Amino acid sequence: MFKKFKTIAVAGAVAGLLGIALSGCSTAEKAISEADCGTENAFCIGVVTDLGKVDDKSFNQAAWEGAQAGAEATSGFAKYVETTDSKDYAKNIALFGDKGYNVIVTVGFLMAEATVAAAAQYPDTKFIGVDQFNGATTTNVTGLIFDEDRAGFLAGYLAGNLTKSDKIGGVLGMKEVPPVRKFGEGYEAGIAYAAKELGKTIKSSVIYHAAGDTAFSDPAWGASTASQLLGQGFDIIFGAGGTTGNGAITKTAQTAGTFCIGVDIDQWNTVPEAQPCLVTSAEKKLVKGVTDLIIAANDGTIAAGNFVGEVGLADYHDLSSSVPQEVQDKVTAITAQIVSGELATGVKP
Amino acid sequence: MNSLVKRRGFYYALAVAIPTFYLYLQSSNVTTSVFSIAVTFAMPLALAAMVGIMCERTGIVNIGIEGTLLLTSFVAFYAAIATKSILIGFCIAMATGVAMSLLLALMSVTWKMDQIIAGTILNILATGLTSFFYIQGNMLPNMFKQKPIPGLSNIPFFGDVLFKHGVLMYLGFVVILTLYFALFHTSWGLRSRAVGEHPSAADTAGVSVSKLRYINVAVAGAIGGLCGSYLVLELVGSWNRGFTAGKGFTALALMIFGRWNPLGALAAAMFFGLSQAGANQLMIDGTVNIPPQFVGILPYVMVIIVLAISAGKVRPPAAEGQPYEKGQG
């Protein structure tokens, strides 16, 4: 009996050690080290990812790139921690808060509540909530928000001008997350606008992942759902929702004569599998937004409340030749109208 | 009992066939598409459930299916990239599955460890290894493409639903049918089930309990490798962390739902896949404006209802989870 216990203990210990050893945590070290954080001579930036990794090819990655760029610009020090369980949000923020970090970037709508709570706990730290609308009165939280409906509208407008089958689909994450809903509804509004302009009927179908826990990390569901749309004659697929969306655009790339549209950041380099169909991405200029806010925090010019970052369509890259010049011109014109606010998307905020 | 099961199965089949035929008459394209996609949703779950059935039928609880899928899909992806051959990737993934299974067998048969802990170790190991060694930005050289089976794929409805997939999908069907036949109609199957129900009796009859458990768990690992390969080399075409998104755990529920019977688990997985594809179709058509959350919980609610109705009639193999000590029991 004792021997059996020993075996279990050893096996458990080995697994535990492996787990610890393998849970990587990298730093972009400059001359300053983490030990200097909380002192006068160091500007420290901590990034807490949402469920998902810092190289998720989407906004965790963009936020981290923004933090690194911010650290570069301010000669600061940046470090990240990856969240593996939503129960750990507060704990992970505290990892940086307790060490006196100057700026903590929390990524994702789901972390909004934890961010506001932590801000009260660490009044000297500036919090940047990526994708978090900040409705609280806390003076040290700045929400970096985007008009996703505008980016989605542009994607939909382009799709409406490119479709040959007059059927356009979308495979998205969870609808309860406002940015996802705004992307989806903006996309449909853009398609409708293009249809009206062209004087034809275009069918648009946006499918949301229903399960909460895997909504943004289920590429197999994304791929199958994209197949279902493609099989019914849809020829353009917008994939928005972490690796779920990536699965959808990767699948679309395997069918000739189709286009797909990425999301959040320019996915041309981050999802190379999708290149055969990836005409553009509905982009939130996240890297720039995070970098600007970090610099503002360093200057002391950062304002509490919300900061609206830029949106737009990413480059057409190699598919530029598949998009007629006339369509490109129309998209450019509409982009200007949308960004200036002259043309409203009609999507509820 | 057997005739009861058969009659029940007949009614279930009828309950699916009649509405399907009606829908097919209404809109043949959409109905065919929904069923065809349902099969792609169902196959990975069904194969994962086969891994569980293979293990549990011989008395080994395997909650490490998720880990097996995760690691084998990972290995399939990177081995295919490294060797520039998806076939080699597939073979190495199968070998990895077997290796993981042997580890499970070593812990639970030889070391007589708690099998839940042994399975958990597989899951932790797979998550740790794949997260650590994951490098983004790699692409597969090619994929297992859709290969319609000549002749069979021309059958209306069934041809599109069953015979217009890739090689691994067909292999999956072959594995499931073979497993069903082997488990209930061969002496190997009888021995395996005996070892799972009453190992000391099987031992007395001259069946080596440990050896059979090792073999069956190893075969289960190979099936896990097939499942992981299907996901990455045929269905999606890319890999990322947490790629399998809990399919190994869903499969455990489907295994119970299917009463530890390969065909039952296949039917359960098909039911699950059909709910998913049907839910998607409702959103595609947009004719019924049901909140996606509601549509999304549908499969789970139905599983609960079915499990509640069949409660008491579902019984796991009797010796499941117990290490076998010679001379005891």
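Residues numbered from 1 in each chain as written. Chains lettered and ligands numbered in written order. Predicted model: local features only at pLDDT ≥ 70, side-chain atom pairs only at ≥ 80, totals over all residues.

### Things to note about the overall build of chain A
And then number 1: If you tally the helices and strands in chain A, you get 10 helices and 13 strands.
And then number 2: In terms of overall size, chain A behaves like a compact globule, its C-alpha atoms giving a radius of gyration of 22 Å where 349 residues would be expected to give roughly 20 Å.
And then number 3: Counting only C-alpha atoms, chain A reaches 70 × 60 × 35 Å along its principal axes.
And then number 4: Every one of the 349 residues in chain A was classed for burial, and the buried ones make up 58%.
And then number 5: The contacts of chain A with a sequence gap of at least 6 include a subset with a gap of at least 24, amounting to 68%. (Helix = DSSP H or I, 4+ residues; strand = E, 2+ residues; numbered from the N terminus. Rg over C-alpha atoms; globule rule 2.2 N^0.38 Å. Buried ≥ 20, exposed ≤ 12 C-beta atoms within 10 Å, placed from the backbone. Contact = placed C-beta atoms within 7 Å.)

### Things to note about the sheet that holds strand β7 (residues 167–172) of chain A
All names here are of chain A.
And then number 1: One open sheet holds the 6 strands; their spatial order is β8-β7-β9-β10-β11-β13, and the pairing between them is mixed. Both outer strands of the open sheet, β8 (203–208) and β13 (311–313), are each paired with one neighbouring strand and no more. Looking at each pair of strands side by side, their axes are set apart by 15° on average, direction ignored.
And then number 2: Looking at chain direction, strand β9 (residues 236–240) and strand β10 (residues 259–264) are connected through 3 bridges and run parallel. Within β10, the residue paired with Phe238 across the bridge is Ile261.
And then number 3: Running at roughly 155° to β9, helix α8 (residues 242–252) makes contact with β7, β9, β10 and β11 (278–284) of the sheet. (Pairing = 2+ DSSP bridges. Axes fitted to C-alpha atoms, helices over the stretch in contact; angles between N-to-C directions.)

### Things to note about the environment of Ala265 of chain B
All names here are of chain B.
And then number 1: Residue placement: Ala265 occurs in helix α12 (residues 262–285).
And then number 2: Looking at Ala265, the number of C-beta atoms within 10 Å reads 28, which means it is buried.
And then number 3: Taking the C-alpha atoms as reference points, Ala265 and Leu252, separated by 13 residues in sequence, lie 9.6 Å from one another.
And then number 4: Look past the residues within four positions of Ala265 in its chain and what remains in contact with it is Ala46, Ala49, Met50, Ile53, Leu254, Met255 and Gly258.

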